[in-house]
Amino acid sequence: MTRRGGTVAALNEGTRSPRTSSANPEQEHEKELGINEHVHTMWAYLWAFTRAGLRPLRLEYAEGPAELRQRKIAGKLLRLGELPSTLWALNAYPYAGLSLFARRR
């Protein structure tokens, strides 16, 4: 909850590409402990923020641009800026982290 004009941040949220299962194999240990972790797509986060009256301001690949530089296509897309590279990575790679910043209208 935030006042009008306030900022909301989702930091290092685990995401999956639209083609990937929500059952992230890296979270099996957490599930054994009873932790119910859901892995959503970047698009699901954007939709939830928008429905809540938040205007997305910035998307970041949680591992940072240095990690993107090491990737074949995402590294090339960095020439256009971090946003195109981040959008590619979050839609192409199975599981990744997303930081999303938004402002309440």
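Preceding this section is the structure that the text describes.
K.L.:
I keep staring at the packing of aromatic side chains and nothing clicks. Help me out?
P.N.:
We describe a pair of aromatic rings using the distance from one ring centre to the other and the angle between the two ring planes. In this structure the tally under the stated criterion is zero aromatic pairs. Positioned over the ring face of F101 is R58, at 4.5 Å from the centre of the ring.

K.L.:
Which parts of the structure should I look at to understand the pattern of salt bridges?
P.N.:
A side chain with one charge may pair with a side chain of the opposite charge, provided their charged atoms come close. Going through the model one piece at a time under the given rule, you end up with two salt bridges. Of the charged contacts in the structure, one is a salt bridge between R58 and E60, with a shortest N-O distance of 2.4 Å. Looking at R58, the relative accessible area reads 45%, which means it is partly exposed. Judged by relative accessible area, which is 26%, E60 ranks as partly exposed.

K.L.:
How should helix 5 (residues 82–92) be read in this particular structure?
P.N.:
The periodicity of an α-helix, 3.6 residues per turn, causes residues three or four positions apart to be oriented the same way. Listed in full, the buried residues belonging to helix 5 are S85, T86, A89, L90, N91 and A92. Close packing links the buried residues of helix 5 with strand 1 (7–16), helix 2 (42–51), strand 2 (54–61), helix 3 (65–69), helix 4 (72–77) and strand 3 (95–104).

K.L.:
Honestly, the environment of S17 in this entry has me stumped. Any pointers?
P.N.:
Turning to its location among the elements, S17 is positioned in the loop between strand 1 and helix 1 (28–32). Note: C-alpha distance between S17 and S99 (82 residues apart in sequence) is 15 Å. In this view, S17 contacts T41, L90, N91, A92, Y93 and P94; residues no more than four positions away in its chain are not counted. A distance of 2.5 Å separates a polar atom in the side chain of S17 from a polar atom in the side chain of T20.

Cut-offs used in this document
- Residues numbered from 1 in each chain as written.
- Predicted model: local features only at pLDDT ≥ 70, side-chain atom pairs only at ≥ 80, totals over all residues.
- Heavy atoms only, no water.
- Phe/Tyr/Trp six-rings, centres within 6.5 Å; stacked < 30°, edge-to-face > 60°.
- Lys NZ or Arg CZ within 6 Å of the ring centre and 35° of its normal.
- Salt bridge = Lys/Arg side-chain N within 4 Å of Asp/Glu carboxyl O.
- Buried < 20%, exposed > 50% of the residue type's maximum accessible area, 1.4 Å probe, protein only.
- Helix = DSSP H or I, 4+ residues; strand = E, 2+ residues; numbered from the N terminus.
- Contact = heavy atoms within 4.5 Å.
- Polar contact = N/O pair within 3.5 Å; in protein donor to acceptor, adjacent residues only side chain to side chain.

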